[in-house]
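An overview of the molecular structure
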Amino acid sequence: MLKANSFADVVKHLAIMGAIVGVLVIGFFYFYLPSTTNHGESVPVPKITGMLLPDAEAFLEEKNLRFFINDSSYNSDHKPFEILTQDPEPGAQVKEGRKIYISVNMKNPPMIKMPKLIDGSVKNAELILKSYDLKVGKITPVPDLQKNAVLKQFVNGKEVAPGESIAKGSVVDLHVGDGLGNTEFEVPEVIGMPVDEASVLLVGQGLQIGNILYVQGSGEPDGTVLKQRPFAEVGAKIRVGELVDLWVAGTEPVETIE
């Protein structure tokens with residue numbers, strides 16, 4: 001180590017050391033660091049959602065960007081390995097080499113348990129299927145007194161019980177009650193009866209009263225059933241829940257408000 005002979009030599013040595021430190025600091029922060037970190041350089045993030053994974057990989061490589069799959073899910077409306085989401089969003093400014101985090105649509109759907117739709121309404125079944133990422137298929141009315149009630153559920157033509165494993169995104173067909181049932185019997189004849197007694201008889205046999213049309217000048221006592229449809233012909237059949245229209249003598253009664 002050199003021995004300083006005078007105060008001037010000490011000052012000279014300190015100045016040389018300060019200059020060396022200054023050169024090193026300037027070189028590190030203004031030349032070395034920017035060259036290794038691309039300081040001040042940024043690129044816009046391109047839109048890659050909707051692209052297939054192999055295409056996106058080559059596309060990002062051209063722009064000196066990378067990707068990382070941080071999630072995967074299944075959606076039957078998208079292609080296998082299609083990119084569903086990305087982070088950062090398109091247009092964001094990032095440094096070259098930055099990772100773009102993406103979620104990808106799986107090739108094969110996951111298996112889920114079939115929900116219970118039986119005995120519920122069609123509307124309720126549609127809501128449940130949507131919440132399970134399942135689709136409503138063909139709705140077939142079948143004879144049953146439970147109108148709009150789900151009676152059976154099918155996937156790919158096979159009846160599926162609640163709790164069975166099916167693929168997410170499957171189409172579920174439904175058999176739904178038509179509110180009529182399949183029990184047939186002879187059409188009851190109510191012609192000549194008072195309309196109130198006729199109504200009690202028809203409803204008691206599981207039928208519904210349809211239109212009641214009043215006819216004046218028939219010569220029969222008011223309230224007498226003159227005609228019915230369907231007709232009570234020999235061999236005529238009717239199903240539970242069907243309507244019966246009546247023609248009644250007299251004028252339509254006026255309701256009084258108390």
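First things first, this report covers the structure right here in the doc. The structure displayed is predicted, hence computed values, not measured ones.

Quick look at the overall build of the chain now. Per the secondary structure count, the chain includes four helices and 16 strands. Every one of the 258 residues in the chain was classed for burial, and the buried ones make up 27%. A sequence separation of at least 24 residues applies to 72% of the contacts in the chain between residues at least 6 apart.

Take the packing of aromatic side chains next. What the rule picks out here adds up to one aromatic pair. Judged by centre distance (5.8 Å) and plane angle (75°), the rings of phenylalanine 68 and tyrosine 101 are edge-to-face. Of this pair, phenylalanine 68 sits in strand S2 (residues 66–73) while tyrosine 101 sits in strand S5 (residues 99–105), and the two are 33 residues apart along the sequence. You can call phenylalanine 68 partly exposed: its relative accessible area is 40%. Here the guanidinium or amino end of lysine 227 rests over the ring plane of tryptophan 247, the centre of that ring lying 4.6 Å away.

Sheet architecture is open: three strands sit in the order S2-S5-S3, paired in mixed fashion. One side of each edge strand has no neighbouring strand; the edge strands of this open sheet are S2 and strand S3 (83–87). Strand after strand, the sheet turns through a mean of 25° between neighbouring axes, direction not considered. With seven bridges joining them, S2 and S5 adopt parallel strand pairing.

This brings us to the environment of valine 248. By secondary structure assignment, the location of valine 248 is in strand S16 (residues 243–249). We classify valine 248 as buried; its relative accessible area is 0%. For the pair valine 248 and proline 221, spaced 27 residues apart in sequence, the C-alpha to C-alpha distance is 9.4 Å.

Note that serine 199 resides in helix H4 (residues 195–204). In this structure the side chain of serine 199 is engaged in a polar contact, spanning 2.8 Å, whose partner is the backbone oxygen of valine 195.

If you walk across this open sheet you meet the four strands as S7-S11-S8-S9, and the pairing is mixed. For this open sheet the edge positions go to strand S7 (135–142) and strand S9 (158–159), each flanked by a neighbour on one side alone. By the bridge criterion, five bridges tie strand S8 (residues 150–155) to strand S11 (residues 171–177) in an arrangement that is antiparallel. Paired with valine 155 across the strands is valine 172, a residue of S11. Here helix H3 (residues 122–131) sits on the sheet and contacts S7, S8 and S11; the angle it forms with S7, its principal contact strand, is near 160°.

A word on unusual backbone geometry. For residues other than glycine, phi is negative in most cases, and the peptide bonds are mostly trans. With omega at 5°, the peptide bond leading from aspartate 87 into proline 88 counts as cis. Across the junction of arginine 229 and proline 230, the peptide omega takes the value 10°, indicating a cis bond. Counting through the fold element by element, proline 230 comes out in the loop between strand S14 (225–229) and strand S15 (237–239). The backbone of aspartate 133 sits at a positive phi, close to 60°, despite the residue not being glycine. Along the chain, aspartate 133 falls in the loop between H3 and S7. You can call aspartate 133 partly exposed: its relative accessible area is 41%. Of note in the backbone geometry, asparagine 148 takes a positive phi value of approximately 65° without being a glycine. Tracing the chain through its elements places asparagine 148 in the loop between S7 and S8. Its relative accessible area of 42% is what places asparagine 148 among the partly exposed residues.

Thresholds, definitions, all that
Numbers given for residues are sequential positions, taken from 1 along each chain in its written order. Local features in a predicted model are, by the rule used here, given only for residues with pLDDT of at least 70; side-chain atom pairs are given and counted only at 80 or more, and totals for whole chains, interfaces and linings are based on all residues. Side-chain measures here rest on the full set of heavy atoms in the structure, leaving out hydrogens and waters. Each helix is a run of H or I in the DSSP string that is no shorter than four residues. Each strand is a run of E no shorter than two, and both are numbered from the N terminus. For the exposure calls, accessible area comes from a 1.4 Å probe over protein chains only, and a residue counts as buried if that area is under 20% of its type's maximum, exposed if over 50%, partly exposed in between. Between two residues, a contact is recorded if the distance between any of their heavy atoms is within 4.5 Å. Between 30 and 60 degrees the pair is tilted, below 30 it is stacked and above 60 it is edge-to-face, where a pair is any two Phe, Tyr or Trp rings, Trp via its six-membered ring, whose centres lie within 6.5 Å. Note on geometry: a ring has a charge over it if NZ (lysine) or CZ (arginine) is within 6 Å of the ring centre and within 35 degrees of the ring normal. In this scheme, strands are said to pair when DSSP sees at least two bridges between them. Axis lines are fitted to C-alpha atoms, over the contacting stretch for helices. Their N-to-C directions set the angle, which ranges from 0 to 180 degrees. Polar contact criterion, stated in full: a pair of N or O atoms within 3.5 Å, where within protein one must be able to donate a hydrogen and the other to accept it, and residues adjacent in sequence count only if both atoms are side-chain atoms.

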